[in-house]
Amino acid sequence: MSSTPLIDIVPVQRGATLGRYVCQWDKDSIDDAGFVKIDFLALGALSQIQRVTELVARRTGERIDLSRINFEDSAVYDMLGRADTIGIFQVESAAQIQTITRLKPRNLLDMAHEVGAVRPGVGVNNGVQEYLARRAKRKSVTYDHPLEKRALERTLGVVLFQDQVNQLAIDVAGLAPSEADKLRRAFGRRHNEALIAEYHQKFLDGAKERGVGESAAEAVFKKFNGLYMFPESHAHYGEGYTLKARWHAQRGRNAG
């Protein structure tokens, strides 16, 4: 996005598809230049919801108001807990089916935690198994330092979302919010060894100033990684679509 033509600012080439063009800078170079980068995703679930809504209206004469569906419908959560999720946005993969039957969500918060858990950045530190064990009360909720509590209390001491990495850097090491976000982003960059080493030292120095011992600071820093995790708002927003898709699938089945 630019106030002047992009071809005057960055190298651009024609894409393989007629009428499409490709910026030759990668995401890290774009970030360094201060560009705004937006991902546009095409979700088949939106078409699915529209078609089922039309099907229900045709067969029952009732047009569903999407803004008024019941997010507390226990029958929907029962179906999710039984892994009856094939064709349902976000929760139909093998990993999601395996997790949702163990977590058995009963509300939107549970659903956000469930989809947030099935991400590489959570699993790399055995976070999925740890979260499920703590949720089932097979393990107690623990922290490597009390300063972690604000960031991790709502997810039982486990990092499930990107936002929590930022909050840990702020609370444990005293980093400014902008610097904490740069730390998080550094893990996802290519050839980042020198950059990670720099932030590692900043984190340890900041933690020391806040009275955090070196071993505890190291334990917190090891929870950071460059693999993909959801932002918390994304997990909650996406679960609105999941519940709508599941609810409509149930209505469509009843209408049929």
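See the structure printed just above.
Reading the values: rules and limits
Residues numbered from 1 in each chain as written. Predicted model: local features only at pLDDT ≥ 70, side-chain atom pairs only at ≥ 80, totals over all residues. Heavy atoms only, no water. Core = buried A, V, L, I, M, F, W, Y, C linked by side-chain atoms within 4.5 Å. Buried < 20%, exposed > 50% of the residue type's maximum accessible area, 1.4 Å probe, protein only. Contact = heavy atoms within 4.5 Å. Helix = DSSP H or I, 4+ residues; strand = E, 2+ residues; numbered from the N terminus. Polar contact = N/O pair within 3.5 Å; in protein donor to acceptor, adjacent residues only side chain to side chain. Axes fitted to C-alpha atoms, helices over the stretch in contact; angles between N-to-C directions. Parallel < 35°, antiparallel > 145°, perpendicular 65-115°, else oblique. Left-handed = near helix turned anticlockwise from the far one by under 90°.

Draft legend 1. Representation of the nonpolar core within the structure. One finds Leu168, Leu183, Phe203 and Phe224 to be the most contacted residues of the largest nonpolar core, which totals 45 residues. In contact with leucine 183, other than residues within four places in its own chain, are Val165, Leu175, Tyr199, Phe203, Phe221 and Phe224.

Draft legend 2. A look at helix H7 (residues 127-135). H7 sits mainly inside the fold: seven of its nine residues count as buried. Of the positions making up H7, those classed as buried are Gly127, Val128, Glu130, Tyr131, Leu132, Ala133 and Arg134. Tucked inside the fold, the buried residues of H7 contact helix H4 (94-103), helix H5 (108-117) and helix H6 (120-123). Looking one or two places after H7, you find lysine 137, whose phi comes out positive at around 65 degrees.

Draft legend 3. Spatial organisation of the side chain of glutamine 164. Structurally, glutamine 164 is set in helix H9 (residues 162-173). Within the structure, the side chain of glutamine 164 is placed 2.8 Å from the backbone nitrogen of leucine 160, a separation counted as a polar contact. The contact partners of glutamine 164, leaving out residues within four places of it in the chain, are Ala151, Leu152, Arg154, Thr155, Val158 and Val159.

Draft legend 4. Structural detail: the packing of helix H11 (residues 193-209) against helix H12 (residues 214-221). At a minimum axis distance of 10 Å, the contact between H11 and H12 shows a crossing angle of 135 degrees. Taken as axis vectors, H11 and H12 run oblique relative to one another. For H11 against H12, the interelement crossing comes out right-handed. Of the residues in H12, those touching H11 at Ile196, Tyr199, His200, Phe203, Leu204 and Ala207 are Ala217, Glu218, Val220 and Phe221.

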